[in-house]
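Coordinates in review
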Amino acid sequence: MRLRVLIGIAFLLALAFTPISCHEAKMHVGSKMFTESVILGEVATLIAKDAGESCLHYRQLGGTKLVYDALCAGEIDIYPEYTGTITEEIFSKRQVSGIAEMRQLLSADGIQMTDPLGFNNTYAIGIKKELADERGIESITDLTRHPDLRLGFSNEFMDRSDGWPSLQQHYALPQQDVKGMDHELAYRQLDEGIVDAIDVYVTDAKIRYYDLVLLTDDRDFFPVYDAVYLFRTDLDQRAPNVVQGLSRISGQISESDMKEMNGLVELHREVENRVAQRFLAERLGVQVEIEEQTTAARIWQHTVEHIDLVRQSLIAAILVAIPLGVLATRRPQVGQVILGIVGIIQTIPSLALLVILIAPVNKLGLSSVGGGSTTAVIALFLYSLLPIVRNTHAGLTGIPVSMTESAAALGLSPSARLRLVELPLASPTILAGIKTAAVINVGFATLGALIGAGGYGQPVLTGIRLNDTGLILQGAIPAALMALAMQGLFELIERRFVSQGLRIKSE
Amino acid sequence: MLTLQDVTKSFGSKQVLEPTNLSIDAGNTYVLIGPSGCGKSTLLRLMIGLVEPTNGTVEFQGETLRPERYETVRQRMGFVVQDGGLFPHLNGYDNVALMARYVGWTQQQIQARVEELASLTHLESDVLQRFPIQISGGQRQRVSLMRALMLDPDILLLDEPLGALDPMIRSELQTELREIFQSLKKTVVLVTHDMGEASYFGDVIVLIREGRIVQQGQVGDLIAKPAEPYVTKFIQAQRSLIDGEKS
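Residues numbered from 1 in each chain as written. Chains lettered and ligands numbered in written order. Predicted model: local features only at pLDDT ≥ 70, side-chain atom pairs only at ≥ 80, totals over all residues.

Attention now goes to the overall build of chain A. Broken down by element type, chain A carries 23 helices and 10 strands. Buried residues in chain A amount to 45% of all 507 residues. A separation threshold of at least 6 residues defines the contact pool for chain A, and within that pool the share at least 24 residues apart is 78%. (Helix = DSSP H or I, 4+ residues; strand = E, 2+ residues; numbered from the N terminus. Buried ≥ 20, exposed ≤ 12 C-beta atoms within 10 Å, placed from the backbone. Contact = placed C-beta atoms within 7 Å.)

The structure is reproduced here in structure tokens:
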């Protein structure tokens with residue numbers, strides 16, 4: 001019996017941690033969750049390939065903090081950034097003046113910066129042309145005369161030191177109705193008349209598409225956002241020709257080039273790597289082959305990645321949560337603490353949890369970003385604990401006294417009572433908890449995309465970014481099917497593991 | 001066989017058992033009787049270590065009961081509770097065989113012992129293949145008794161074993177139980193609140209009231225020489241029910 005338990009655990013561990021997918025690449029490029037960043041990420045990836053390096057692009061990662069930390073940790077080697085973001089966000093706690101100081105601060109983190117790529121993608125406030133004409137709004141100062149306007153800003157803009165709070169102060173803006181939302185959704189909300197003004201990047205292709213007027217920054221609030229590449233200093237030794245390749249792009253991408261490339265992707269549905277490839281060929285005469293992937297192959301890849309995240313995190317959660325639930329039952333005071341902690345974990349927003357986890361995961365020498373990301377697995381593992389711990393606890397405390405008493409009176413040791421009587425009696429409740437965790441886990445695993453681990457979250461994120469429902473469904477439908485499959489799988493497991501005596505009603 | 005010396009039990013500030021001395025001699029059947037909440041079940045649980053004494057000691061076969069020895073000692077005791085206490089996830093056979101497997105008997109030994117006990121308790125063998133929820137209350141008590149007897153214990157402790165059964169089955173099982181006790185010549189301690197059942201089984205009747213042993217002795221002693229008026233009152237309260245039916 002004891003042997004069977006050990007064999008069971010060993011089997012689960014093997015099931016959880018046998019590697020199934022391994023895309024090995026020597027170098028990794030990162031990009032943030034907007035089209036321009038992804039295109040520039042593709043450009044860098046193609047440059048690296050042209051320099052003869054195997055290179056993988058982790059697209060649309062969760063945010064500046066996450067990407068920069070990943071770069072410092074060596075999880076990625078290159079990513080496109082803007083000087084304004086470096087001064088206002090990455091080093092927001094210091095007053096950085098000038099490029100030289102910026103380079104100095106970066107180099108302290110082991111990071112270098114290329115020269116500007118050639119365009120300034122600063123923030124601007126955009127409103128619909130009709131509204132601008134109707135009310136005669138041309139500059140941000142003009143907004144002060146229209147306190148009734150509803151503002152919808154990207155979540156990042158709401159929080160940044162050069163974002164809404166300082167903008168409001170700088171111009172003494174009176175608007176009260178200010179909402180934070182996803183940048184891509186903001187355009188749609190503006191178009192549908194739900195909000196009147198949004199923040200935009202001046203190279204957004206959608207500015208023209210939605211016929212927006214950009215208000216003049218008449219009191220010079222927004223800093224300069226020159227596009228650059230950040231890369232790890234050690235790249236100089238590891239891949240000098242990639243660094244050289246990157247430097248060749250400096251000064252080559254104008255504002256209109258970038259607008260056009262953004263437009264090709266967002267409005268004409270071209271794939272980012274095609275756009276990047278064409279740019280390199282036409283502008284720099286660099287010819288790079290790109291690998292095509294069929295839709296079926298892509299869905300399959302996402303399925304494998306998704307299963308990989310789910311199985312590792314779920315099985316680890318089962319192996320940890322059941323003992324925790326037992327401990328919580330045996331030591332009620334410790335139990336309150338355990339139940340409290342796993343409950344609190346559940347309330348941490350996923351992106352925050354990922355960012356918190358990157359540094360410690362990296363210190364342990366595990367992969368924090370990218371395929372099979374340990375960070376994503378740990379986050380999912382933590383989210384899966386609550387239902388299992390809670391149900392194990394509930395299942396065990398719900399056992400009638402006559403049962404626990406009979407088991408003790410027979411002369412079974414406490415561990416034998418647990419194994420032979422208490423856990424089997426609690427098994428329907430515990431399995432229900434595992435089932436809940438599994439279904440939640442499949443849904444939450446879409447967060448893996450925020451950190452480059454792929455999965456069904458990848459097409460969902462891309463779909464949101466490009467306002468492409470088809471792509472969103474490419475992730476959402478398989479995820480829903482997988483959740484259903486999970487449900488079915490656990491019904492089968494229930495039949496196998498829960499005693500018939502607990503499942504049948506009296507005859 | 002089993003002695004309680006100056007044993008008391010309190011739950012929090014409430015004393016449920018006053019200082020109690022009781023000696024259970026081998027081969028006899030003792031019945032602990034008294035009204036609900038008098039402490040008779042607590043007394044039974046003290047004997048098997050399910051309840052630990054606040055003061056005093058419980059000795060079993062010359063050995064003081066201590067938590068670290070509970071498992072070994074309990075394996076020499078059989079315990080049956082009111083609803084049988086069968087584990088619903090195991091079928092009858094597995095319930096009965098559980099402890100024998102745990103202590104490492106062979107399949108053949110187990111098989112032989114189960115057959116022996118099934119015939120002793122008059123249980124049809126196919127009942128053992130079913131789960132507790134699929135069998136009747138009487139069958140459950142038989143299986144429970146088999147489980148308690150499996151390791152051939154030196155003493156059998158039963159907490160209102162027939163309390164949840166309807167009268168016909170109850171009476172039938174009473175007859176059988178007494179035959180079994182007599183044939184096995186085991187020491188038995190049985191808890192009940194039914195005076196008829198007590199006098200039917202008991203070599204010695206221990207009457208308990210509010211955590212105190214009022215009197216112990218044969219049923220005749222209790223009727224003829226009551227230690228205090230309560231004894232008579234208790235016996236008559238139970239008898240009057242039967243009298244009422246007769247008249």
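This brings us to the overall build of chain B. Broken down by element type, chain B carries nine helices and 10 strands. The C-alpha radius of gyration of chain B comes to 18 Å, within 12% of the 18 Å expected for a compact globule of 247 residues. Across its three principal axes, chain B shows a C-alpha extent of roughly 55 × 50 × 30 Å. When each of the 247 residues of chain B is scored for burial, the buried share is 43%. Intrachain contacts of chain B at a sequence separation of at least 6 include 68% that bridge at least 24 residues. (Rg over C-alpha atoms; globule rule 2.2 N^0.38 Å.)

Okay, the interface of chain A and chain B next. Facing 22 residues of chain A, the contacting portion of chain B comprises 21 residues. Among the elements of the structure, α19 (401-410), α20 (414-444) and α23 (500-503) of chain A are those that each provide at least two residues to the side of chain A that touches chain B. By residue number, the principal contributor to the side of chain A that touches chain B is α19 of chain A, which donates seven residues. Here the residues of the side of chain A that touches chain B sort into 12 nonpolar, eight polar and two charged. (Nonpolar A, V, L, I, M, F, W, Y, C, P; charged D, E, K, R; others polar.)

All names here are of chain B. Across the sheet, which stays open at both edges, the six strands sit in the order β6-β7-β8-β3-β9-β10 with mixed pairing between neighbours. The open sheet has two edge strands, β6 (77-80) and β10 (212-217), and neither has a second partner. Adjacent strand axes in the sheet meet at a mean angle of 15 degrees when their direction is disregarded. Here strand β3 (residues 29-33) pairs with strand β9 (residues 204-209) via four bridges, running parallel. Paired with tyrosine 30 across the strands is valine 204, a residue of β9. Together, β6 and β7 (155-159) form the strand contacts of helix α5 (residues 137-149), whose direction differs from that of β6 by roughly 160 degrees. (Pairing = 2+ DSSP bridges. Axes fitted to C-alpha atoms, helices over the stretch in contact; angles between N-to-C directions.)

So, on to helix α3 (residues 92-102) of chain B. Residues Gly92, Asn95, Val96, Ala97, Leu98 and Met99 of chain B constitute the buried set of α3 of chain B. Buried residues along α3 of chain B sit in contact with α19 and α20 of chain A together with α4 (107-120) and α5 of chain B. Downstream of α3 of chain B by a residue or two, glycine 104 of chain B has a phi angle that is positive, lying close to 95 degrees.

The next subject is the packing of α3 of chain B against α5 of chain B. All names here are of chain B. Closest axis-to-axis distance for the α3/α5 pair is 7 Å, and the angle between their directions is 20 degrees. The orientation of α3 with respect to α5, classified from their angle, is roughly parallel. Helix-helix and strand crossings are classified by hand; for α3 and α5 the assignment is right-handed. Contacts from Gly92, Asn95 and Val96 of α3 reach α5 at Val143, Met146 and Arg147. Taken together, the residues that form the contact of α3 with α5 break down as three nonpolar, two polar and one charged. (Parallel < 35°, antiparallel > 145°, perpendicular 65-115°, else oblique. Left-handed = near helix turned anticlockwise from the far one by under 90°.)

The subject of this paragraph is the sheet that holds strand β1 (residues 2-11) of chain B. Residues and elements named next belong to chain B. The four strands are arranged β2-β1-β4-β5 in an open sheet whose pairing can be described as antiparallel. Across the chains shown, the open sheet's two edge strands, defined by having one partner strand only, are β2 (14-24) and β5 (63-64). Of the pairings in the sheet, the one linking strand β4 (residues 55-60) to β5 comprises two bridges and is antiparallel in character. Counterpart to glutamate 59 in the pairing with β5 is threonine 64. The sheet contacts of helix α1 (residues 40-47) involve β1, β2 and β4, and relative to β1 the element is tilted by about 125 degrees.

The next point concerns the packing of helix α17 (residues 350-363) of chain A against helix α18 (residues 374-397) of chain A. Residue and element names in this part refer to chain A. Contact geometry for α17 and α18: axes closest at 9 Å, N-to-C directions at 125 degrees. For the element pair α17 / α18, the angle class is oblique. Crossing angle aside, the handedness with which α17 passes α18 is right-handed. Contacts from Ser350, Leu353, Leu354, Leu357, Ile358 and Val361 in α17 reach Thr374, Thr375, Ala376, Ile378, Ala379 and Leu382 in α18. Of the residues contributing to the contact of α17 with α18, the split by class is nine nonpolar, three polar and no charged.

The side chains of a regular strand alternate, residue by residue, between the two faces of the sheet. Inspection of the sheet shows β1 of chain B paired to β4 of chain B by five bridges, in the antiparallel sense. Bridging across to β4 of chain B, leucine 4 of chain B finds its partner in valine 58 of chain B.

The next subject is the domain arrangement of chain A. Residues and elements named next belong to chain A. The domains assigned to chain A are domain 1 (27-119 + 225-284), domain 2 (123-214) and domain 3 (295-503). Between domain 1 and domain 2, the C-alpha centre-to-centre distance is 27 Å. With 15 residues of domain 1 at the contact, the number on the domain 2 side is 11 residues. Looking at the side of domain 1 that touches domain 2, the elements with two or more residues in it are α4 (83-90) and α13 (255-266). The element that contributes the greatest number of residues to the side of domain 1 that touches domain 2 is α13, accounting for six residues. (Domains from an automatic or database assignment.)

Residues and elements named next belong to chain B. When cut into domains, chain B gives domain 1 (2-76 + 155-246) and domain 2 (86-152). Summarising the inter-unit geometry, the C-alpha centres of domain 1 and domain 2 are found 25 Å apart. Facing 10 residues of domain 1, the contacting portion of domain 2 comprises 10 residues.

Here the focus is unusual backbone geometry. Within the chain, aspartate 220 of chain A stands out as a residue other than glycine whose phi angle is a positive 45 degrees. Assignment of secondary structure puts aspartate 220 of chain A in the loop between β9 (212-214) and β10 (227-232). Residues other than glycine seldom take positive phi values, yet glutamine 61 of chain B does so here, at roughly 50 degrees. Its location among the elements puts glutamine 61 of chain B in the loop between β4 and β5.

What follows concerns the nonpolar core. Counting 177 residues, the largest nonpolar core has Val43 of chain A together with Leu32, Leu157, Val189 and Val206 of chain B as the members making the most contacts within it. Looking at this core element by element, the count peaks at 13 residues for α18 of chain A. Once you skip the residues sitting within four places of it in the chain, leucine 157 of chain B turns out to touch Leu44, Met47, Ile48, Met77, Gly78, Phe79 and Val189 of chain B. With 24 residues, the next largest nonpolar core counts Ala124, Ala197, Ile198 and Ile207 of chain A among its residues. (Core = buried A, V, L, I, M, F, W, Y, C linked by C-beta atoms within 7 Å.)

Looking now at helix α9 (residues 183-191) of chain A. Residue and element names in this part refer to chain A. Within α9 the residues assigned to the buried category are His183, Ala186, Tyr187 and Leu190. End-on, the buried residues of α9 take up no more than an arc of 100 degrees, which puts them together on one face. Taken together, the buried residues of α9 touch β5 (123-128), β6 (151-154), β7 (178-181), β8 (197-201) and α10 (206-209). After α9 finishes, the residue glycine 193 shows a positive phi value of roughly 75 degrees. (Arc of directions from axis to C-beta.)

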